[in-house]
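Now for the letters of each chain:
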Amino acid sequence: MPAGTLYRGREGMWSWVAHRVTGVLIFFFLFVHVLDTALVRVSPEAYDDVVATYKTPIVNVMEYGLVAAILFHALNGLRVIAVDFWSKGPRYQKQMLWTVVGVWVVLMAGAFYPVLQHTLRTLFGS
Amino acid sequence: MSAETTPAAAAVSDVSLYDVDNPAPLIEAPRKRTKKTPKATRTNFELYGWLFMRLSGILLVVLVLGHLLIQLVLDGGVSKIGFAFVAGRWASPFWQAWDLLMLWLAMLHGANGLRTVINDYAERDTTRFWLKMLLYTATVFTVLLGTLVIFTFDPNIR
Ligand code: HEM
Ligand code: HEM
């Protein structure tokens, strides 16, 4: 384990770990995503073929996972900004983290059907 | 336990080991500028990087969450996506500008974030150097390719 990778534990450290892991994940997705979008310059068929994989059940579930990662990174990123710029931010960092988790749970529940509707329809009929 | 055994024990008791004639040792502040600090690194690059992460983050909340809403939630979710759908969207300069700004901000934000991660974990100088070269190459390539695709998109390619 490289020096300085484990800090004091609890909410502060684990939210930082999750922020870092989600950030790296989104970056790798974006790299692949720009490559697949570039296929619109090759041919409509090439693009549609690759987009078809986005519609398979397994990848569709991964898209839900991507939404989970981005929603956490976005909400927690706003919390980090509040900790840095709002004078009372550091004092309320823990409460803000649980607010982030709460909003995240609500949004993930709301996104469940819309994001997975393609899979739900093809697997269980409309 | 007597105050003489450890300094830590002395600190918690009310008898201090130190006084005017015998002052406590001075602990140097972390990252203090010393004579050994190289002149060449004295720019505000890290400060601007830090600020950029926060400003771009705020813009990306709107850009990326809006993008996901359009691509994955509205209008049948992922089912509708295809060449024709992209052609319809990039017929509008508004969505072209949206995607262009999102491309640049997300790539620079993500690349700067990854630079921090590499600096944190790659301890050998050469490993760190080459990982960052790989990162910068991939970033420049992706940003240029994405920009080119938006500007040269042709709905009548076939
Ligand atoms: C699985 C979820 C996603 C789907 C289905 C999706 C779909 C698409 C589609 C169809 C386009 C073509 C242009 C348009 O319609 O606007 C596009 C472009 C783009 N998307 Fe996404 N997207 C997703 C997630 C993301 C995320 C998370 C990001 C940012 C981190 C992102 C960034 C971009 C960028 C920068 C472009 C422009 C690409 C270029 O310049 O060639 N997308 N996306
Ligand atoms: C959706 C809106 C976003 C917000 C509000 C946001 C916010 C932030 C903030 C404030 C930081 C700095 C954290 C710190 O200094 O401790 C950060 C770091 C980072 N972000 Fe984002 N970000 C967003 C989107 C993205 C996207 C789309 C990517 C990937 C392309 C990304 C990748 C990263 C990475 C890799 C880091 C470095 C993590 C670390 O050093 O631990 N972020 N983000």
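No experiment lies behind these values; they were computed from the predicted model shown.

Each value, and the rule that gives it
- Residues numbered from 1 in each chain as written.
- Chains lettered and ligands numbered in written order.
- Predicted model: local features only at pLDDT ≥ 70, side-chain atom pairs only at ≥ 80, totals over all residues.
- Heavy atoms only, no water.
- Helix = DSSP H or I, 4+ residues; strand = E, 2+ residues; numbered from the N terminus.
- Rg over C-alpha atoms; globule rule 2.2 N^0.38 Å.
- Buried < 20%, exposed > 50% of the residue type's maximum accessible area, 1.4 Å probe, protein only.
- Contact = heavy atoms within 4.5 Å.
- Areas by Shrake-Rupley, 256 points an atom, 1.4 Å probe, with all protein chains shown as cover.
- Donors = N, O, S within 2.8 Å, 3.2 Å for Na, K, Ca; no water.
- Tetrahedral: all angles 85-135°; square planar, octahedral: opposite > 155°, others 65-115°.
- pLDDT = per-residue confidence, 0-100.
- Salt bridge = Lys/Arg side-chain N within 4 Å of Asp/Glu carboxyl O.
- Near = heavy atom within 4 Å.
- Polar contact = N/O pair within 3.5 Å; in protein donor to acceptor, adjacent residues only side chain to side chain.
- Nonpolar A, V, L, I, M, F, W, Y, C, P; charged D, E, K, R; others polar.
- UniProt positions renumbered as here; feature names shortened; annotations may be inferred.
- Axes fitted to C-alpha atoms, helices over the stretch in contact; angles between N-to-C directions.
- Parallel < 35°, antiparallel > 145°, perpendicular 65-115°, else oblique.
- Core = buried A, V, L, I, M, F, W, Y, C linked by side-chain atoms within 4.5 Å.

Caption draft 1: Spatial organisation of the overall build of chain A. A count of helices and strands for chain A gives four helices and zero strands. Taken from N to C terminus, the helices and strands of chain A fall in the order α-α-α-α. Compactness check: chain A gives a C-alpha radius of gyration of 19 Å against a globular reference of 14 Å for 126 residues, more than 25% above the reference. Along the longest, intermediate and shortest principal axes, the C-alpha atoms of chain A span 55 × 35 × 30 Å. Residues counted as buried form 38% of the 126 residues belonging to chain A. Contacts in chain A between residues far apart in sequence, at least 24 positions, make up 61% of those at least 6 positions apart. On chain A, roughly 7,300 Å² of surface is accessible, and the fraction owed to carbon and sulfur atoms is 72%.

Caption draft 2: Representation of the overall build of chain B. Helix and strand content of chain B: five helices and zero strands. Going from the N terminus to the C terminus, chain B shows its helices and strands as α-α-α-α-α. Going through the 158 residues of chain B one by one, you find that 35% of them count as buried. Put simply, 60% of the contacts in chain B that link residues at least 6 apart link residues at least 24 apart. Of the roughly 10,800 Å² that chain B leaves accessible, carbon and sulfur atoms contribute 68%.

Caption draft 3: Region of interest: the coordination of the iron atom of ligand 1. Bound to the iron atom of ligand 1 on the protein side are His-33 of chain A (NE2) and His-67 of chain B (NE2), at distances that span 1.9 to 2.0 Å. By relative accessible area, which is 21% here, His-33 of chain A ends up partly exposed.

Caption draft 4: Focus on the coordination of the iron atom of ligand 2. Here the iron atom of ligand 2 is held by the protein donor atoms His-73 of chain A (NE2) and His-109 of chain B (NE2), which lie 2.0 to 2.1 Å from it. Around the iron atom of ligand 2, the six donor atoms sit at angles spanning 87 to 179°, and that spread fits a shape best called octahedral. Remark: His-109 of chain B occurs in helix H4 (residues 93-121) and His-73 of chain A occurs in helix H3 (residues 57-85); the pair is interchain, linking two chains. One exposure class covers both His-73 of chain A and His-109 of chain B, and it is buried.

Caption draft 5: Summary view of the confidence of the model for chain B. For chain B, per-residue confidence averages 88 on the pLDDT scale, and 89% of positions sit at 70 or higher. Here the complex is predicted with pTM 0.86, and the ipTM for its interfaces comes to 0.89.

Caption draft 6: Summary view of the pattern of salt bridges. All chains considered together, the criterion is met by five salt bridges over all chains. Where Asp-120 of chain B meets Arg-20 of chain A, a salt bridge forms, and the shortest distance between an N and an O atom there is 2.8 Å. Here Arg-20 of chain A lies in helix H1 (residues 10-37) and Asp-120 of chain B lies in helix H4, a pairing that spans two chains. With a relative accessible area of 38%, Asp-120 of chain B lands in the partly exposed category. Put simply, Arg-54 of chain B and Asp-84 of chain A hold a salt bridge, and the shortest N to O gap is 2.7 Å. Of the two residues, Arg-54 of chain B sits in helix H2 (residues 45-73) while Asp-84 of chain A sits in helix H3, which places them in two different chains. Its relative accessible area of 14% is what places Arg-54 of chain B among the buried residues.

Caption draft 7: Looking closely at the site of ligand 1. Neighbouring ligand 1 are 24 residues, the closest being His-33 of chain A together with His-67, Arg-89, Asp-99 and Gly-146 of chain B. Here a nitrogen atom of ligand 1 sits 2.7 Å away from a polar atom, N or O, in the side chain of His-33 of chain A. Contributions of two or more residues to the shell around ligand 1 are made by H1 and H3 of chain A together with H2, helix H3 (83-89), H4 and helix H5 (125-152) of chain B. Sort the elements by how many residues they give to the shell around ligand 1 and H1 of chain A lands first, with five residues. When grouped by side-chain class, the residues that make up the shell around ligand 1 number 16 nonpolar, five polar and three charged.

Caption draft 8: Examining the UniProt feature "transmembrane region" (unreviewed entry) in chain A more closely. All names here are of chain A. Those places that UniProt annotates as "transmembrane region" (unreviewed entry) correspond, in this numbering, to residues 21-44, 64-85 and 97-116. End C-alpha atoms of residues 21-44 are separated by 34 Å, and the span's content is 75% helix alongside 0% strand. Here residues 64-85 is 100% helix and 0% strand, with 32 Å between the C-alpha atoms at its ends.

Caption draft 9: Focus on the packing of H4 of chain B against H5 of chain B. Residue and element names in this part refer to chain B. It is the contact of H4 with H5, at a shortest axis distance of 10 Å, that shows an interaxial angle of 175°. On the basis of their axis angle, the class for H4 and H5 is roughly antiparallel. When H4 is examined against H5, the residues Gln-96, Asp-99, Leu-100, Leu-103, Trp-104, Met-107, Ala-111, Leu-114, Arg-115, Ile-118 and Asn-119 are found in contact with a partner set consisting of Arg-128, Leu-131, Lys-132, Leu-135, Tyr-136, Thr-139, Thr-142, Val-143, Gly-146, Thr-147, Ile-150 and Phe-151. Within the contact of H4 with H5, the residues separate by chemical class into 13 nonpolar, six polar and four charged.

Caption draft 10: Up close: the nonpolar core. Ranked by internal contacts, the top residues of the largest apolar core, which has 46 residues, are Val-40, Tyr-47 and Val-67 of chain A together with Trp-90 and Phe-153 of chain B. The element contributing the most residues to this core is H4 of chain B, with nine residues. Residue contacts for Val-40 of chain A: discarding those within four places in its chain leaves Tyr-47 of chain A together with Phe-83, Val-86, Trp-90, Val-149, Phe-153 and Ile-157 of chain B.

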